[in-house]
Amino acid sequence: METTIAAIAPLDESAMAAAREMHGRLTKPPGSLGALEDLSVRLAGLAGVCPPPLPEPAAVAIFAGDHGVHAQGVTPWPQEVTGQMIGNFLAGGAVVNAFARQAGASVTVVDVGVANPLATPDEVPDPAANDPATSGLPVQDPAVHDPATPRLVAASVRRGTRDFTVTAALTRDEALAAVCTGIRIADELIDAGAGILLTGDMGIGNTTPAAALIAAFTGVDPADSTGRGTGVDDPTYARKVAVVRAALALHEPDPADPLGVLAAVGGLEHAALTGLILGAAARRTPVLLDGVIAVSAALAAAAFAPNAVFAMVAGHRSAEPGATVALRSLGLDPLIDLGLRLGEGTGALLALPVVTGAVRVLHEVATFDSAGVAEK
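Residues numbered from 1 in each chain as written. Predicted model: local features only at pLDDT ≥ 70, side-chain atom pairs only at ≥ 80, totals over all residues. Heavy atoms only, no water.

1. Some points on the overall build of the protein chain
Then, in step 1: When its secondary structure is counted, the protein chain shows 15 helices and six strands.
Then, in step 2: Principal-axis analysis of the C-alpha atoms gives the protein chain an extent of 70 × 45 × 40 Å.
Then, in step 3: Buried residues in the protein chain amount to 54% of all 376 residues.
Then, in step 4: A sequence separation of at least 24 residues applies to 78% of the contacts in the protein chain between residues at least 6 apart.
Then, in step 5: Accessible surface, the protein chain as shown: approximately 14100 Å² in total, 55% of it carbon and sulfur. (Helix = DSSP H or I, 4+ residues; strand = E, 2+ residues; numbered from the N terminus. Buried < 20%, exposed > 50% of the residue type's maximum accessible area, 1.4 Å probe, protein only. Contact = heavy atoms within 4.5 Å. Areas by Shrake-Rupley, 256 points an atom, 1.4 Å probe, with all protein chains shown as cover.)

2. As for the packing of helix α6 (residues 172–191) against helix α11 (residues 268–282)
Helices that pack against each other are described as a pair by the angle of their axes relative to one another and the distance between those axes.
Then, in step 1: The contact between α6 and α11 brings their axes to 6 Å, and the two run at 45°. The orientation of α6 with respect to α11, classified from their angle, is oblique. Judged by the sense of rotation from one axis to the other, the crossing of α6 with α11 is right-handed. Note on element contacts: α11 touches α6 through Leu268, Ala271, Ala272, Gly275, Leu276, Leu278, Gly279 and Ala280, opposite Glu174, Ala175, Ala178, Val179, Gly182, Ile183, Ile185, Ala186 and Ile190. (Axes fitted to C-alpha atoms, helices over the stretch in contact; angles between N-to-C directions. Parallel < 35°, antiparallel > 145°, perpendicular 65-115°, else oblique. Left-handed = near helix turned anticlockwise from the far one by under 90°.)

3. Focus: the sheet that holds strand β1 (residues 58–65)
Then, in step 1: Read from one edge of the open sheet, six strands run β3-β2-β1-β4-β5-β6, paired in parallel fashion. Looking at the sheet topology across the chains shown, the edges are occupied by β3 (151–154) and β6 (312–314). Averaged over all adjacent pairs, the angle separating strand axes in this sheet is 30°, with direction ignored.
Then, in step 2: Across seven bridges, the pairing between β1 and strand β4 (residues 196–202) is parallel. Bridging across to β4, Val60 finds its partner in Leu198. (Pairing = 2+ DSSP bridges.)

As structure tokens, this is what we get:
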């Protein structure tokens, strides 16, 4: 992790200046593309060249984990759904799969902490084994970019977190292992040719640790960082807020110690997403954030390395209130706002064409001189 953080650098000012100058020569009124111009300039600064590389192919990394705090009744959904949805991802039947096929993006599912084994015992001789070949589920070579065939990576740190209303969700070593898993996945996907990474997540109850992380890193009241997740009723929502408030009072997490915050109140998928973001930033590759789980992890990544924010693109504004709190803290404006609250990476995939379009302008739009168009 230290090597990754050390590699995260500021934006290249000369490349950004070249992008601004190029926008001034293209056949359009200055500033007419609004936020897309700012985004393309930042991506030029990230890549250190103008125009920046097209953000393709795209790779979605869905990190999956379960949560001990589920025992506190923060969601009506049974914990078994996490593993069942992984099967759905691998079979290609989830919303994220439909959107990934539309975008031509690959899907990698990473079991970083699912509570229940993903196959029957006779299919998995050692349920704790960190070997995708024994998982009993589809495995695909990471070098193969095939949107039609999602792949599984078995990288379980532990079978779900502990209940953070009783004790820390993770040990520091477990949190670090999950962060390093995310870094490794980022490196694998980028080495395989990905030009942009998209965050995905799966974990029943994971909006509760996300709310705790957002409150811990931003200082807002838990009532302002906690939402209804899958659409819980009023009593369950009140219980969620109380659970987050109690956990923060118990652990008193220090935002200056991001690993400690992740260990105290985070989830394994949150920690792994933190690593994915750090890994992308170190490789100067954009990472397109999905919803509230992703932006809670982005706060941790920014606490580890403030320059990591330059690699982040906010795909959408989740309906979860904590997402807006986190985006404000990160200084990021979402590209789309459709009231989504599904997770999986769905909002990031819908925003992907916007990112690609912002960069394609610098590659393909003619200048006034080359097109023979008179300037103002």
